[in-house]
Each structure stands twice: as C-alpha cells, then as structure tokens.
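The lines below spell out each chain.
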Amino acid sequence: MNGQKVKMIGIIRHRLSTDGDGVTTLAAFHGCPLRCRHCLNPQSLGGGDGFREYTPDELYAETSIDNLYFLATHGGVTFGGGEPCLYPKFICDFRKLCGPAWRINIETSLNVPGEWVKTLIPVVDTFIIDIKDMNPGIYQSYTGQANDLVAANLRLIVGAGRQGDCIVRIPLIPGYNNDADRAASRSALEELGFSRFDLFTYKIKSNDHGTGKTNMQDTERDSSADS
Ligand code: SF4
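Since the model is a prediction, treat every value here as computed from it, not as a measurement.

Definitions and cut-offs
Residues numbered from 1 in each chain as written. Predicted model: local features only at pLDDT ≥ 70, side-chain atom pairs only at ≥ 80, totals over all residues. Heavy atoms only, no water. Helix = DSSP H or I, 4+ residues; strand = E, 2+ residues; numbered from the N terminus. Contact = heavy atoms within 4.5 Å. Areas by Shrake-Rupley, 256 points an atom, 1.4 Å probe, with all protein chains shown as cover. Buried < 20%, exposed > 50% of the residue type's maximum accessible area, 1.4 Å probe, protein only. Pairing = 2+ DSSP bridges. Near = heavy atom within 4 Å. Nonpolar A, V, L, I, M, F, W, Y, C, P; charged D, E, K, R; others polar. Core = buried A, V, L, I, M, F, W, Y, C linked by side-chain atoms within 4.5 Å. Salt bridge = Lys/Arg side-chain N within 4 Å of Asp/Glu carboxyl O. pLDDT = per-residue confidence, 0-100. Axes fitted to C-alpha atoms, helices over the stretch in contact; angles between N-to-C directions. Parallel < 35°, antiparallel > 145°, perpendicular 65-115°, else oblique. Left-handed = near helix turned anticlockwise from the far one by under 90°.

## Notes on the overall build of the chain
Consideration 1: Each helix and strand in the chain was counted, giving 7 helices and 9 strands.
Consideration 2: For the chain, restricting intrachain contacts to residue pairs at least 6 apart in sequence, the fraction spanning at least 24 positions comes to 67%.
Consideration 3: When the accessible surface of the chain is summed, it comes to about 10400 Å², and 52% of that surface belongs to carbon and sulfur atoms.

Printed below as a string of structure tokens:
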C-alpha cells in the first residue's frame, strides 16, 4: 500500500495522558478549515512549505518504532493538526497497516463534511473534539466559520452510538466567551448525550491587541481554574 502523500507539521513521540490513553505518538497534519483568532498550531495554516510529506506506509514505518509501548499501555497514534478529518482515506489506510491493536485517536473540530466523519467512525477509537463554543455567534466570531457542520457531525456520532468514545474540549476563550457561555455549551452537549469534558482556559501570553497574530508560544491551555 502506498497511498496519498500528506504534509505533517510534526510527529511527537512518547506522550502520556495528553491526547488519549497510554503512550501515544502525535502525528499533526497540515491544513485546517478554521482560522481561530488564537490558533494553537499556526504552522498548520498557510502554504506548508518545508514540511515533510508522508504516505501511510511511511508514517507507519516511523511510528512503529514504539509498537511495544503502544501494546503495553493500550496507546497508539493520535492524529491532530490542523484538522485530521480532512484526510479520512489516509487514516483508514493507516488503520489497515497498524491493525486493531493500536488505538487511533483524532483531535478534531468536526467542522468538515459529514461523509468524512462517517468514514472515520469505524476506524477511530477516541474522538477528542475541540468544540470552541456551541453558540453559533461566538463560534463564528472566534473561528471565522459557521458551526452547522459541527452540530450535524455531533448528531452523526450520537447516531452511531459513539458519544461515549468522545472527549469534548470546552475552552474559556478570553474576549470571546465567559463561564455562562461555557456552561450553556456543556448543557447542550449533555442533552445530546456527551458526558466526558475537558475544561480549560486559553492563556494568551502575548499582547495580541485583537490582531489574531498569535503563535504556538503565545497561546497555551491553563486547566488550573477549571473543573
Ligand atoms: S482548529 Fe486548531 S489548527 Fe485550526 S485554526 Fe483553530 S486552533 Fe488553529
């Protein structure tokens, strides 16, 4: 199997309890349909010059060095980005290579066509969903996009009975939402059937002045004030 070549902005080994069970390797794709004002991974946007391209075979060869760690800890590979749901065929081909023993997780905004999410539901173990905020106005002002596809894809996941395999990240984003907005997002998600949440606060380190020109070093998560 050769498969499509896809740009990766980074591959980080030996992650523990940050993005899925056990020991994981994070494989971060280039490309994202959103333009969040405080993007956590701005390298994933833009032209992508200088990043290496991988086929599923090449990525499998590189990640399989940690096969024993994955098997011993029930870990595996977490696809992030950028937006991994832009590459459903790549992830399906990767699953064929690694087999069922590795866990495959994705960190996704779910702001992609439903067909792509449907393709991924059978091959993904854990969906880590970066919801931003469920309020359409807040979502639009923060990401530059509507969240209709997100809402439809949440219903798709519930329809497949996979809501128990989701962790939904609900951030407090200074200047965009507040505690009441976040509580409203959580209630809406609970009504849909989701029950695992990751609450944290974006810590904007630089003085952004609303330009949106932050970078990875400027935006961090701070979980200390959230529960
Ligand atoms: S979804 Fe993630 S990668 Fe995409 S713009 Fe937002 S923070 Fe950046």
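Read on for the rest.
## Structural notes on the pairing of strand 7 (residues 166-172)
In regular strands, side chains alternate between the two faces of the sheet.
Consideration 1: For strand 7, a buried count of 6 out of 7 residues is recorded, marking the element as mostly surrounded by other parts of the structure.
Consideration 2: The pairing of strand 6 (residues 126-130) with strand 7 spans 4 bridges and is parallel. Bridge pairing in strand 7 places Asp-130 opposite Arg-169.
Consideration 3: Where strand 7 lies against strand 8 (residues 197-204), 5 bridges are found, and the strand directions are parallel.

## Some words on the pairing of strand 2 (residues 23-29)
Consideration 1: Counted residue by residue, strand 2 has 7 buried out of 7 residues, so it is predominantly covered.
Consideration 2: Every second residue of strand 2 is oriented toward a common face, with Val-23, Thr-25, Ala-27 and Phe-29 on one face and Thr-24, Leu-26 and Ala-28 on the other, all of them buried.
Consideration 3: Both strand 1 (residues 6-16) and strand 2 contribute to a ladder of 6 bridges, which runs antiparallel. The residue of strand 2 that forms the bridge with Ile-11 is Ala-27.
Consideration 4: Once strand 1 ends, the chain turns through 6 residues before running back antiparallel as strand 2, passing Ser-17 with a positive phi of about 65°.
Consideration 5: Summarising the sheet, strand 2 and strand 4 (residues 76-80) pair through 5 bridges and their orientation is parallel. The residue of strand 4 that forms the bridge with Leu-26 is Thr-78.

## Some thoughts on the site of the ligand
Consideration 1: The environment of the ligand is formed by Cys-32, Leu-34, Cys-36, Cys-39, Leu-40, Ser-44, Gly-82 and Lys-132.
Consideration 2: Among the residues making up the shell around the ligand, the classes are represented as 5 nonpolar, 2 polar and 1 charged.

## A short note on the nonpolar core
Consideration 1: Grouped together as the largest cluster of nonpolar side chains are 48 residues, with contacts concentrated most on Phe-79, Ile-129, Ile-131, Leu-154, Ile-157 and Leu-189.
Consideration 2: Sort the elements by how many residues they give to this core and helix 3 (residues 88-98) lands first, with 5 residues.
Consideration 3: Ignoring anything within four residues of it in the chain, the contact list for Ile-131 reads Tyr-139, Val-150, Leu-154, Val-168, Arg-169, Ile-170 and Leu-189.

## Topic: the pattern of salt bridges
Consideration 1: Applying the stated rule across the entire model yields 14 salt bridges.
Consideration 2: Here Lys-5 makes a salt bridge to Glu-58, at a shortest N to O gap of 3.3 Å. Placement of the pair is Lys-5 in the segment before strand 1 and Glu-58 in helix 1 (residues 56-63), with a sequence separation of 53 residues.
Consideration 3: Since its relative accessible area comes to 46%, Lys-5 is described here as partly exposed.
Consideration 4: Given a relative accessible area of 30%, Glu-58 falls into the partly exposed group.
Consideration 5: Note that Glu-107 is salt-bridged to Arg-169, the shortest N-O span being 3.4 Å. Residue Glu-107 is located in strand 5 (residues 103-108), and its partner Arg-169 is located in strand 7; the two are separated by 62 residues in the primary sequence.

## Things to note about the confidence of the model for the chain
Consideration 1: The pLDDT averaged across the chain works out to 91; a share of 89% of its residues lies at or above 70.
Consideration 2: Below a pLDDT of 50 lies the segment residues 208-218, which in the model reaches 25 contacts outside its immediate sequence neighbourhood of four places, other chains included.

## Notes on the packing of helix 1 against helix 3
Consideration 1: Axis separation between helix 1 and helix 3 bottoms out at 9 Å; the angle between their running directions is 50°. With respect to each other, helix 1 and helix 3 are oriented oblique. Relative to helix 3, helix 1 is oriented so that their crossing is right-handed. Counted together, Pro-56, Asp-57, Leu-59, Tyr-60 and Thr-63 of helix 1 and Phe-90, Asp-93, Phe-94, Leu-97 and Cys-98 of helix 3 form the full contact between these two elements.
Consideration 2: Grouping the amino acids of the contact of helix 1 with helix 3 by side-chain chemistry returns 7 nonpolar, 1 polar and 2 charged.

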